[in-house]
Amino acid sequence: MQRIVLLLVFISAFVASVAAEPDKIYNPNIKTVQLYQAGNQMSYPVININAANAMQLEFDELGDEINNYYYTYQLCNADWQPVDLSTFDYIRGFTQNRINTYRVSSIALTKYIHYSASLPERNCMPIKTGNYLLKVFTNGDTSELVFTKRFLVTDNSASVGAQLLQAFNPQFFRTHHKIQFTIDQSKLNIVNVQQQIKVVVMQNWRWDNAISKSQPTFIKGNILEYSGDNEFIFPAGKEYRWADLRSFRFQSDRIARVDKLTRPWTVDIMMDNEKNNQRYI
């Protein structure tokens, strides 16, 4: 069963200019970009304010040439556009740092360089909460962008209570699930809820099907309730599919063919059945 994994509450900010596209790789030789909470590769990069070395960045570059990669942070609003602030207003220390940790592949058929960094470093710290883009670029030139990755900095100002429910709509009763939740805004200085509060619900750290909403269903004092019958409904089929890549000496489970004449090797996986209308437990 798929999980509803994250609910975000944003306070609005002003837009300055067009941001780089979030979670995008601009260099085709860059592979397997990962940004996660330190010690948990399956987690989403959400950190508390002033938390040093709370995230781990990992990525590979095909080839055997070592490049000079740098990174910086871009503070964004709820729509992932840059805020109208100088970088010195939300970064303490250097505005860009070099990635110094790397290792060269040794036994793989395809040569690559693996880069890593523990973030944020004490000499380059975000000092405001909000949405951030991690920007990685070459040779200290921010115009030579290699990739971007989203992460979130929080201070836990609003408490959230959530329930995972079976969808009320008969059309989605056996194939989807919904989430309803409340937000306690008593610690926030909110004048206009509809304009200043935006909630985003994510499923399995995915932004492509995230659901956002600005207006709550009910307002009960300091409690905002989001409980509409047809809101925040997600398909609940199985997301992951098995493929056995532990050996290329024989054709293992779920593998249709392996083309060893290409570099890197090409592996074709068997076609699976559609799971959209299957029941889940």
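Residues numbered from 1 in each chain as written. Predicted model: local features only at pLDDT ≥ 70, side-chain atom pairs only at ≥ 80, totals over all residues. Heavy atoms only, no water.

In this section: the overall build of the protein. When you go through the protein residue by residue, the secondary structure sums to one helix and 21 strands. The buried share among the 281 residues of the protein stands at 39%. Nonlocal contacts in the protein, meaning residues at least 24 apart in sequence, comprise 66% of its contacts between residues at least 6 apart. Entry remark: accessible area of the protein is about 16400 Å², with carbon and sulfur atoms responsible for 48%. (Helix = DSSP H or I, 4+ residues; strand = E, 2+ residues; numbered from the N terminus. Buried < 20%, exposed > 50% of the residue type's maximum accessible area, 1.4 Å probe, protein only. Contact = heavy atoms within 4.5 Å. Areas by Shrake-Rupley, 256 points an atom, 1.4 Å probe, with all protein chains shown as cover.)

This next bit is on the sheet that holds strand S5 (residues 69–76). Here we have five strands laid out as an open sheet, ordered S3-S12-S11-S5-S7, and mixed in their pairing. The sheet is open, and its two borders are formed by strand S3 (46–48) and strand S7 (97–98), each paired with just one other strand. Bridge count for S5 against strand S11 (residues 130–138) is eight bridges, and the pairing is antiparallel. Directly across from tyrosine 73, in S11, lies its bridge partner leucine 134. (Pairing = 2+ DSSP bridges.)

Right, let's talk about the nonpolar core for a bit. The biggest cluster of nonpolar side chains holds 28 residues, and the ones touching the most others in it are Leu57, Phe59, Tyr73, Ile99, Leu119 and Leu134. Contributions of two or more residues to this core are made by strand S2 (30–37), strand S4 (55–62), S5, strand S9 (112–119), S11 and strand S12 (145–154). Dropping the residues within four chain positions of it, leucine 134 is found in contact with Leu35, Leu57, Tyr71, Thr72, Tyr73, Leu119, Phe147, Thr148, Lys149 and Phe151. Residues Ile179, Ile183, Val201 and Phe232 belong to the second largest nonpolar core, which totals 13 residues. (Core = buried A, V, L, I, M, F, W, Y, C linked by side-chain atoms within 4.5 Å.)

Turning to the pattern of salt bridges, a few remarks are in order. All told, the structure shown has nine salt bridges when counted by the stated rule. Arginine 150 is the salt-bridge partner of aspartate 23, the closest N and O atoms lying 2.7 Å from each other. On the criterion of sequence distance, the pair formed by aspartate 23 in the loop between strand S1 (4–11) and S2 and arginine 150 in strand S12 is long-range, its members being 127 residues apart. Residue aspartate 23 is classed as partly exposed on the basis of its relative accessible area, which comes to 33%. Ionic pairing is found between arginine 206 and aspartate 208, a salt bridge with its closest N-O pair at 2.9 Å. Note on arginine 206: relative accessible area 25%, which makes it partly exposed. When its relative accessible area of 61% is taken as the criterion, aspartate 208 is described as exposed. (Salt bridge = Lys/Arg side-chain N within 4 Å of Asp/Glu carboxyl O.)

Following the sequence through the fold, lysine 178 ends up in strand S14 (residues 176–184). Residues in contact with lysine 178, not counting those within four places in the same chain, are Gln163, Leu164, Leu165, Gln166, Ala167, Phe168, Gly228, Asp229, Glu231, Phe232 and Ile233.

This part is about the sheet that holds strand S8 (residues 101–104). Strand order in the open sheet formed by four strands is S2-S4-S9-S8, with antiparallel pairing between adjacent strands. Either end of the sheet is taken by a strand with one partner, and the two such strands are S2 and S8. Taken pair by pair, the neighbouring strands of this sheet meet at an average axis angle of 15 degrees, ignoring direction. Two elements, S2 and S4, share six bridges in a ladder whose sense is antiparallel. (Axes fitted to C-alpha atoms, helices over the stretch in contact; angles between N-to-C directions.)

In this structure the tally under the stated criterion is 16 aromatic pairs. Aromatic pair phenylalanine 181 and tyrosine 226: ring centres 4.9 Å apart, planes at 20 degrees, arrangement stacked. Of the two residues, phenylalanine 181 is situated in strand S14 and tyrosine 226 in strand S18 (residues 223–226); the sequence distance between them amounts to 45 residues. The exposure classification of phenylalanine 181 matches that of tyrosine 226, with both residues buried. (Phe/Tyr/Trp six-rings, centres within 6.5 Å; stacked < 30°, edge-to-face > 60°.)

Moving on, we get to the environment of isoleucine 197. Tracing the backbone shows isoleucine 197 in strand S15 (residues 197–203). With relative accessibility at 2%, the residue isoleucine 197 sits in the buried group.

The subject of this paragraph is unusual backbone geometry. Residue proline 120 follows leucine 119 across a cis peptide bond; omega there is -10 degrees. Tracing the backbone shows proline 120 in the loop between S9 and strand S10 (124–126). Of note, the bond from arginine 263 into proline 264 is cis; its omega dihedral lies within 30 degrees of zero at 0 degrees. Following the sequence through the fold, proline 264 ends up in the loop between strand S20 (255–259) and strand S21 (266–269). Look at phenylalanine 232: it is not a glycine, yet its phi comes out positive at around 55 degrees. Within the fold, phenylalanine 232 resides in the loop between S18 and strand S19 (233–235).

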